[in-house]
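Reading the structure
Take a look at the letters that make up each chain.
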Amino acid sequence: MKNQFKKYILLFTLSASLFSACKKDFGDLNKNPNTPLAANTKYLFASAVIGTRGIPNGAAGLLYVQHMAEFIYTNESRYQQIQYSYDGIYSGPVQDLQRIIKLNTDPATKSLKEVLDNGTNANQIGYARILKAFLMLQITDRWGNVPYTQAGLGLENAQPKFDTQKFIYNDLLKELKEAPLQIVAAQPNDPLYGAVGTDYLKWKRWANSLRAIVALRMMKTEDVAIAKVAFAEAVAAGLMTSNADNAIINYQGNSTYESPWYTNYTRNGRYDYGVSQTVIDNRMVPNADPRLPIFSRTAGSPAVYKGIPYGVSDQFAYGDDGALLGRAISSNVFPLQLTTYSQMCFTMAEAALEGWIPGGDAEMINWYIKGIDASMDQWAAIQVSTAATPAVTITAANKLTYEAQPSVLLTAAQTHNQKLEKIQTQKWLNFYMSNGYEAWAEWRRTGYPVLTPAPDAANADKQIPRRQAYPKTESDLNKANYDAAVAAQGPDALSTRVWWDRP
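Residues numbered from 1 in each chain as written. Predicted model: local features only at pLDDT ≥ 70, side-chain atom pairs only at ≥ 80, totals over all residues. Heavy atoms only, no water.

1. Things to note about the side chain of Asn 118
The criterion, for reference: Working definition: helices are DSSP H or I runs of at least four residues, strands are E runs of at least two. Numbering for both runs from the N terminus. Buried, partly exposed and exposed residues are distinguished by accessible area as a fraction of the type maximum, computed with a 1.4 Å probe on protein chains only: under 20%, between the cut-offs, and over 50%, respectively. For the purposes of these results, a polar contact is taken to be a pair of N or O atoms within 3.5 Å, where, inside protein, one atom must be able to donate a hydrogen and its partner to accept one; residues adjacent in sequence count only when each atom of the pair is a side-chain atom. Here a residue-residue contact requires only that any non-hydrogen atoms of the pair lie within 4.5 Å.
With respect to the element layout, Asn 118 can be found in the loop between helix H5 (113-116) and helix H6 (121-143). The exposure class of Asn 118 is buried, given its relative accessible area of 0%. For Asn 118, the side chain forms a polar contact with the side chain of Gln 187, separated by 3.1 Å. Beyond its immediate stretch of four places on either side in the chain, Asn 118 contacts Thr 41, Lys 42, Phe 45, Gln 124, Gln 187, Pro 188 and Asn 189.

Put into structure tokens, the structure is as follows:
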């Protein structure tokens, strides 16, 4: 017993000594080299860029604008799904970008090696602001009023308030004006544009192009005067100048980073989607569009190009009655086009039509032709880069023949609405199987091209959706802010119009 007591005394003495020693400075002894104090912003940025893939080209957006139709399971093209989740966007790339901004701003972290490895503070913040603006534009255009000023904070604020789309749009104009001015060099780890020489200038042009897109989308709102000024500033700052400036995420030839259309068709052996009759039968075949062999495969015997019916409940399985997506599109390396030079050409054509830039009809037609040519060049390049068959060459003569088709030809003698319809129809075709949600936003804003709602629509008003309903997590876990957003915006339904969507 006596020896046991001595043992307890000895243990107590040792414990006290250790406790006292912990109060002393042992340098790096208690630092885990495998757990840095701050995340490396180089990898946070790459994660945010890669995490953007799949957000703009989700199936719903492509189905709403009838680029695709569904085989067998046609619920989404009939607008049966109402709620869509943005949780992964906020907790993924938006949070990564918000963290980059905070690490480069906070005096406690802005000088750490893990932060400065990716360039100067201001430079990194500029990149993060631009990509965050792009993502927030995608989010607000789909849901309307959404968390913005309190977004991407993680557990710091699990119940963020919803900002109005009017506020968000005006703040995006500010962000996209200021952020490019902070960028003066390439970043060491840039999966979007690269990190060599003057690659960073493409980020500037992308930001300016996004600002022009945001401004034009405000055309029918009470802030149109602000939008016109912002558009002119964006043009003066410098928009995309060629297909070399296209904002593209390149998928890789591996299962982790492969195109989702390859995953669906090849890896999973499913043929859930094909090209719609709206694209093939109504637009491309009648106009002998040279992009048709890229957009679609042939079907039937003898083989012809024909689309599959859109938005019907009694749909067939893939067979000889409708075309699959083109082989380039179902390739594992099919690139995701976020924003393109062609899109900006059509944006400028509309700006000339509306008098937002000088030059009138001549300028409008000039930009319109540039847009078609750039789209054809880009799609032909995609066909080559994916090694897809058949080999497709689009010549200058092909372009001229197409542009002279009566339903394509744009002239000064046409009415305002006829001009707008032709510009927007070509923009819609260029968006094919890329940024479907952007195509949907443009269709809602202008009403062109004219689309007929799904014949067997399952939603309440039987019309093409004007927005998507909030995820259930908001009404369950953020009810007070969710209720306030619904009260301000209107019913949480597919038929409710967002702020800029005016009749």
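2. Looking at the nonpolar core
Short version of the rule: To qualify as a nonpolar core, a set must consist of buried Ala, Val, Leu, Ile, Met, Phe, Trp, Tyr and Cys residues joined through side-chain atoms within 4.5 Å.
Membership of the largest hydrophobic core comes to 141 residues, with the highest contact counts inside it found for Trp 203 and Trp 206. Here the element with the most residues in this core is H6; it accounts for 11 residues. Residues in contact with Trp 203, not counting those within four places in the same chain, are Phe 45, Tyr 127, Ile 130, Leu 131, Ile 183, Asp 190, Leu 192 and Tyr 193.

3. A few points about the pattern of salt bridges
Let me state the cut-off plainly: Put simply, a salt bridge is a Lys or Arg side-chain nitrogen that is within 4 Å of an Asp or Glu carboxyl oxygen.
The full count for this structure, using the stated rule, is 30 salt bridges. A salt bridge links Glu 442 to Arg 445; the nearest nitrogen and oxygen atoms lie 2.9 Å apart. One end of the pair, Glu 442, and the other, Arg 445, are both in helix H17 (residues 436-446), 3 residues apart, so they sit about a helical turn from each other. This pair shows no difference in class: Glu 442 is buried, exactly as Arg 445 is. When the shortest N-O distance is used, the salt bridge between Arg 467 and Asp 492 registers 3.0 Å.

4. Considerations on the packing of aromatic side chains
Applied cut-off: The aromatic pairing rule takes the rings of Phe, Tyr and Trp, using the six-membered ring of Trp, and pairs them if the centres are within 6.5 Å, calling planes under 30 degrees apart stacked, those over 60 edge-to-face and the rest tilted.
Inspection of the entire model under this criterion finds 25 aromatic pairs. For the pair Tyr 193 and Trp 203, a centre-to-centre distance of 5.9 Å together with 75° between the ring planes defines the contact as edge-to-face. In this pair, Tyr 193 is assigned in the loop between helix H7 (165-182) and helix H8 (200-217) and Trp 203 in helix H8, connecting sequence segments 10 residues apart. Between Trp 379 and Tyr 432, the ring centres sit 6.2 Å apart and the planes meet at 50°, which makes this aromatic pair tilted.

5. Considerations on H7
Here is the rule: Given a helix with a known number of residues, its expected span is that number minus one, times 1.5 Å.
Under the 1.5 Å per step criterion, the end-to-end length of H7 is 26 Å for 18 residues, consistent within 8% with the ideal 26 Å. Those residues of H7 not exposed but buried are Gln 165, Ile 168, Tyr 169, Asp 171, Leu 172, Leu 173, Glu 175, Leu 176, Ala 179 and Pro 180. On its buried face, H7 is in contact with H6, H8 and helix H9 (224-237).

6. Some remarks on helix H2 (residues 41-51)
Within the sequence span of H2, burial applies to Thr 41, Leu 44, Phe 45, Ala 46, Ala 48 and Val 49. Contacts made by the buried residues of H2 are with helix H4 (87-103), H5, H6, H8 and strand E2 (247-249). The N-terminus of H2 is capped by Asn 40, whose side-chain oxygen sits 2.9 Å from the backbone nitrogen of Lys 42.

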